[in-house]
Amino acid sequence: MQIPFSPPQISEDAIESVVETLRNGWITTGPKAKQFEENLTEYMGTEGTVCMNSATAALEMTLRLLGIGPGDEVITSAYTYTASASVIHHVGAEIVLVDTQKDSLEMDYNQLEDKITKNTKAIIPIDIAGQLCDYEKIFEIAERKQNLFSTQNKIHQILNRIAVIDDGAHSFGAQKNGVPSGRFADFTTFSFHAVKNLTTAEGGAVTWTKDYSQYGIDIAKIFEVAILHGQSKDALCKMQKGNWEYDIQELGYKFNMTDINAAIGIDQLDKYDDNLKRRKEIVEYYEAHLNPEYLETLKHFDNEKESSCHLFLTWIKGITEEQRNNIITRLAEEGIATNVHYKPLPLFTAYKNYGFDIKDFPNAFAHYQNELTLPLYPQMTDEEVGYVVKKVNQAVSEVLI
Ligand SMILES: *Cc1c(COP(=O)(O)O)cnc(C)c1O
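This text gives an overview of the structure that appears in the document. Only a predicted model underlies this, so the values are computations on that prediction, with no experimental measurement involved.

## Considerations on the pattern of salt bridges
- Under the definition given, this model contains 17 salt bridges.
- Ionic pairing is found between Glu 113 and Arg 144, a salt bridge with its closest N-O pair at 2.7 Å. Taken together, the residues Glu 113 in helix H5 (residues 109-115) and Arg 144 in helix H6 (residues 135-144) connect sequence positions 31 residues apart.
- In this structure, Glu 398 engages Arg 330 in a salt bridge whose closest nitrogen and oxygen atoms are separated by 2.7 Å. Of this pair, Glu 398 sits in helix H15 (residues 382-399) while Arg 330 sits in helix H12 (residues 321-333), and the two are 68 residues apart along the sequence.
- Given a relative accessible area of 40%, Glu 398 falls into the partly exposed group.
- Through salt bridges with shared partners, a single ionic network connects Asp 13, Asp 267 and Lys 271.

Written out as structure tokens, the structure is:
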């Protein structure tokens, strides 16, 4: 049996919709992208959403929207994908990393509070595997440190404290007490990369929770201009006969989402809740059948929270990094693709060169060294899930003998 890690699930409807888009004469950012944004906003119940060509672009543009740059510091977790941190560098600010908690993949909130200085302008928590972070606590900390905060940026002045930007690349569809991901932070960014729960092949979005229009600020418009060359009119608008003239209002970026990508996204969102149900079933099956003597698993549900079941993380008790890697090789030989989430950032060359040392992140390292992520995607059959369970239980028990 061959079990890939996370193949995309593209429906016949999506394929038809892409073909229709290719035939209808409008392939770049236009009505489909607008529709997808409206559908996302409605699904989450947020104030507005702008789609871009990646979550990385959405994170970077959110930092820029708030005027964050040289001289500023932004805090994120050492236990994440590089994009959560590299964007801080892209805007010219300083990356500040925080270790995880001992028993959780969330940031150590005490350390987070300690690392806040008068230069700290934003915190980027990551909803690892689709588990929402403790936003109440994060906002409490941001409020407690309000006296240190200052900004020249008009939009950031409205928040008047450190901004909380949720890297929700894993958490689309997660919820706490019925409130969906996207509604917890000031801004939340999502990734629609091919391996994510909801995909447009490549793509991302930012959504926000405050009504800035009461201050005369149109956040969507600011993002739209900034991600399309700083141009005053979008391509569709310029296409109208005789309407050629435009201004370049700023030296902008090129981060827009095409209608071809949006066509896939609209269909993915239509089918999202059904897919999430199937992801949950698979998670429950894994939880019930993986051998607890050898394996610990990340909890996806509690009384308040339900994750988006993006990734199934496990920890094999008492093994070394090398033994974990041997298990990955063995499973690959049995046709099962697995992964590791995450190798902490300070273990990578670029972050070492930046000045980080893994010794300062002992909890993140401990979570990493015996971690094994299993395949999880809605089109997995019961038979395939059963096969993974059997082979994983076998491999871990044999390595531990
Ligand atoms: C995938 C991912 C990103 C980046 O998403 P892109 O759409 O590829 O830019 C950022 N953060 C996390 C945690 C991710 O998993």
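Structure shown, so let's carry the discussion forward.
## Topic: the site of the ligand
- Close to the ligand lie 15 residues, the nearest being Thr 56, Asp 167, His 170, Ser 191 and Lys 196.
- Contact distances for the ligand include 2.7 Å between an oxygen atom and a side-chain N or O atom of His 170.
- Side-chain polar atom of Ser 191 to an oxygen atom of the ligand: 2.7 Å apart, as the coordinates give it.
- For the ligand, the protein covers 91% of the area, taking 390 Å² as the surface of the free molecule.
- Put simply, the parts of the chain that give the shell around the ligand at least two residues each are helix H3 (55-65) and helix H4 (83-90).
- Considered class by class, the residues forming the shell around the ligand number six nonpolar, seven polar and two charged.

Calculation notes
- Position labels on residues start from 1 in each chain and follow its written sequence.
- Totals for whole chains, interfaces and linings use all residues, but because this is a predicted model, local features are given only for residues with pLDDT of at least 70 and pairs of side-chain atoms are given and counted only at 80 or more.
- Calculated side-chain values reflect all of the structure's heavy atoms, with hydrogen atoms and water omitted.
- We count a salt bridge whenever a side-chain nitrogen from Lys or Arg sits within 4 Å of a carboxyl oxygen from Asp or Glu.
- Secondary structure elements follow DSSP: runs of H or I no shorter than four residues count as helices, runs of E no shorter than two count as strands, and numbering proceeds from the N terminus.
- Exposure classes here rest on a 1.4 Å probe applied to the protein chains alone. A residue is buried below 20% of its type maximum, exposed above 50%, and partly exposed in between.
- Definition of nearness: a residue and a molecule or strand are near each other if at least one heavy atom of the residue lies within 4 Å of the molecule or strand.
- Under the rule applied, a polar contact is a pair of N or O atoms within 3.5 Å (in protein, one hydrogen donor and one hydrogen acceptor; residues adjacent in sequence only if both atoms are side-chain atoms).
- Here the accessible surface of atoms and residues is derived via Shrake-Rupley with a 1.4 Å probe, and residues count as covered only by protein chains that are part of the display.
- Gly is put with the polar residues, along with every residue not named as nonpolar or charged; the nonpolar set is Ala, Val, Leu, Ile, Met, Phe, Trp, Tyr, Cys and Pro, and the charged set is Asp, Glu, Lys and Arg.

It is worth stressing that arrangement in space is one thing and function is another; only the former is reported here.
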